[in-house]
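Structural overview
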Amino acid sequence: MLKVKFKFFLVVILVLIILIIDKSVAISHIDEFPLLGKVIFIDAGHGGRDPGVVYGNVYEKDINLEISKLLEEKLSLKGATVFLTRDSDIDHSSIYDAHKKRGDLYRRIKMIDDNYLKVDIYLSIHINWYKDSYYKGAEVLYYDGNKFNKVLASSIQESLKINTSTNREITTTNLYMYKYINTPGVLIECGFLSNYQERKLLQDKAYQEILANSITYGVIEYFNNI
Ligand SMILES: [Zn+2]
């Protein structure tokens, strides 16, 4: 009788151990892949016939694409499903568009708002320019049209402040594209091409990695907060 009881006790202990191990595996899984199940659209600004801001032979569209591809990699490693509005030097205007730029932006909106994909957030990657070359620092802009955009903007801006030298604050935008996207998201101006130091940094792979990681941390923080 005692033997049977002991065996039963042993089985209970074993089941408990298995349950605990299983649970800790599940928890570490969440830690490792905090963006599992999230669908994120990266919009690499400009492209093709539209170079964005230009300084000599440095084109905004190229830097946007480089940062976007790094960001795709970082977000995917954290478990997210990631799409890009472009992964090469193209734009989405059509020969039939009366206004090429508008046509390009319109098609980007349609991609991001695709009902089938069920996109959680979009991140539009751009580079800033200002006539006064003193201005520098990454800055996140959002359209004040839903309760999520500002939260996402704040999360990413805070992460950029911690990981880069920016002291800029979030600000609102009313630009055409962001106004008409239903999916929550933000415009990230990664720095100023008009500033000498930042122009060098933005072309540097190591700095682009820092930007991509900062944005990824901000995105994880956002999903933790909402
Ligand atoms: Zn731009």
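Everything below is about the structure shown above.
Let us look at the structure shown here.

Helix and strand counts for the protein stand at 7 helices and 8 strands. Within the span of the protein, comprising 226 residues, buried residues form 38% of the whole. Taking as baseline every contact in the protein between residues at least 6 positions apart, the subset at least 24 positions apart corresponds to 79%.

This paragraph deals with the sheet that holds strand β7 (residues 171–172). The 6 strands lie next to each other as β4-β1-β5-β8-β6-β7, forming an open sheet whose pairing is mixed. The open sheet terminates on both sides in strands that have one partner only, identified here as β4 (81–84) and β7. Note that strand β1 (residues 39–44) and strand β5 (residues 121–128) share 5 bridges and pair parallel. Counterpart to I40 in the pairing with β5 is I121.

For helix α2 (residues 60–77), with 18 residues, the first-to-last C-alpha span of 26 Å sits near the 26 Å given by 1.5 Å per residue. Taken together, the buried positions of α2 are E60, K61, I63, N64, L65, I67, S68, L70, L71, E72, K74 and L75. Backbone geometry just after α2 places G79 at a positive phi near 105°.

Here we come to unusual backbone geometry. Located in the positive-phi region is H46, a residue other than glycine, with phi close to 60°. Judged by C-beta crowding, with 25 C-beta atoms within 10 Å, H46 ranks as buried.

A few words now on the pairing of strand β8 (residues 185–192). Along β8, 8 of the 8 residues are buried, which leaves the element largely enclosed by surrounding structure. Sheet analysis places β5 next to β8, joined by 6 bridges and oriented parallel. Bridge pairing in β8 links N128 to F192. Pairing of strand β6 (residues 139–142) with β8, which is carried by 3 bridges, proceeds in the antiparallel orientation. Residue pairing in the sheet places V140 in a bridge with I188 of β8.

For the rest of this paragraph, the subject is the pairing of β1. Within β1, 5 of the 6 residues are buried, which leaves the element mostly enclosed by the surrounding structure. Pairing of β1 with β4, which is carried by 4 bridges, proceeds in the parallel orientation. Among the inter-strand pairings, I40 is bridged to a residue of β4, identified as V82.

With that settled, the discussion passes to the packing of helix α4 (residues 147–163) against helix α7 (residues 205–225). The geometry of α4 relative to α7 is characterised by a closest axis approach of 8 Å and an angle of 140° between their N-to-C directions. Considering the angle they form, α4 stands oblique to α7. Viewed along their axes, α4 and α7 form a crossing whose handedness is right-handed. Residues V151, L152, S155, I156, E158, S159, L160 and N163 of α4 lie in contact with α7, whose contacting residues are I210, N213, S214, I215, Y217, G218, V219, E221, Y222 and N225. Within the contact of α4 with α7, the residues separate by chemical class into 9 nonpolar, 7 polar and 2 charged.

Analysis parameters
Residues numbered from 1 in each chain as written. Predicted model: local features only at pLDDT ≥ 70, side-chain atom pairs only at ≥ 80, totals over all residues. Helix = DSSP H or I, 4+ residues; strand = E, 2+ residues; numbered from the N terminus. Buried ≥ 20, exposed ≤ 12 C-beta atoms within 10 Å, placed from the backbone. Contact = placed C-beta atoms within 7 Å. Pairing = 2+ DSSP bridges. Expected span 1.5 Å × (residues − 1). Axes fitted to C-alpha atoms, helices over the stretch in contact; angles between N-to-C directions. Parallel < 35°, antiparallel > 145°, perpendicular 65-115°, else oblique. Left-handed = near helix turned anticlockwise from the far one by under 90°. Nonpolar A, V, L, I, M, F, W, Y, C, P; charged D, E, K, R; others polar.

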